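As a plain string of letters, each chain reads:
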Amino acid sequence: MPELPEVEAAARRLRRALVGRTIVAIAARHATPRRHLPPRIRAAVAGRQVRAIDRRGKHQLLRLDDGATLHVHFRMTGDWVVGRAAQPLPRHARVVLTLDGGDWVALDDPRVLATVAYHAPGDEPALGLGPEPFDRALTPAAWHARLRARRAPIKAVLLDQSVLAGLGNIYAAEALWAAGLRPTLRADRLTRAQATALLAAIRGVLRAAPQGRYWRRADGAPWRVYDRAGAPCPRCGRPIRRRVHAGRSTYWCPGCQR
Ligand SMILES: [Zn+2]
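Residues numbered from 1 in each chain as written. Predicted model: local features only at pLDDT ≥ 70, side-chain atom pairs only at ≥ 80, totals over all residues. Heavy atoms only, no water.

### A closer look at the coordination of the zinc ion
Coordination of the zinc ion by the protein involves Cys233 (SG), Cys236 (SG), Cys253 (SG) and Cys256 (SG), with metal-donor separations of 2.2 to 2.3 Å. Sequence positions of the residues that donate to the zinc ion give the spacing C-x2-C-x16-C-x2-C. In this pair, Cys233 is assigned in the loop between helix H7 (192-207) and strand E9 (241-245) and Cys253 in the segment after strand E10 (248-252), connecting sequence segments 20 residues apart. (Donors = N, O, S within 2.8 Å, 3.2 Å for Na, K, Ca; no water. Helix = DSSP H or I, 4+ residues; strand = E, 2+ residues; numbered from the N terminus.)

### Some points on unusual backbone geometry
Although it is not a glycine, Val112 sits at a positive phi angle of roughly 55 degrees. Considering the arrangement of structural elements, one finds Val112 in the loop between strand E7 (104-108) and strand E8 (115-119). For Asp227, which is not a glycine, the phi torsion comes out positive at approximately 60 degrees. Inspection of the secondary structure assignment puts Asp227 in the loop between H7 and E9. Taking relative accessible area as the criterion, Asp227 reaches 56% and is therefore assigned exposed. (Buried < 20%, exposed > 50% of the residue type's maximum accessible area, 1.4 Å probe, protein only.)

### What about the sheet that holds strand E1 (residues 23-28)?
Strands sit in the order E1-E6-E7-E5 across an open sheet of 4 strands; the sheet is antiparallel. Of all the strands in the sheet, the pair left with one neighbour each is E1 and strand E5 (79-83). Sheet twist, expressed as the average angle between the axes of neighbouring strands with direction ignored, equals 20 degrees. Both E5 and E7 contribute to a ladder of 5 bridges, which runs antiparallel. Directly across from Trp80, in E7, lies its bridge partner Leu107. (Pairing = 2+ DSSP bridges. Axes fitted to C-alpha atoms, helices over the stretch in contact; angles between N-to-C directions.)

Written as structure tokens, this is what we have:
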């Protein structure tokens, strides 16, 4: 599942392909996206120039020249594929933006869970997000205060996008390992020193992220605990544990995450 670094990388590719170009047509090639992009909305998007691509957390906001916004969330398997006029579309192209000159940008999404929603001029999407991890206003004191207001396990709190924008299952597990914190610790019980270490760990794992397309991990993504159940902890050698809670796997080291 794409998290902040992967969405940021995708948004950068999208900026290069789209900003300053005119969307000649937008097509929905599956019943699910078609529901959100009925003919009147496709007609409203056609002919608009793309002014900017903003990213907030795992959300992408395509800003059109009339003030409208296309709000995109990749969910599980969404990603952008950019192609030239003569090139065939990817097999799982669900939404296709055709540009002036025939080039195209396709939302490639095998699972069809990604969403594209149109917001008319003046209707800013309400995302309900907490701060970005690299926001300068997110000081250790501000971060500690956010955690102290939450009684849930720290792992669940890190996944709550209203507390912090952009983390998912992978980087939450990696950050907790880097900070030496057990995922089941209650967020409001973290000391100031633990909260400070966790914020530094979150920023560290996001900076070190491979920034690639997330389901093609031929780059040998350097996970320490994520997806490594039974493998030795790189810090203390104890086998990594895995537990499934609410459909999500949690990975941690019983030796050095206290
Ligand atoms: Zn360990």
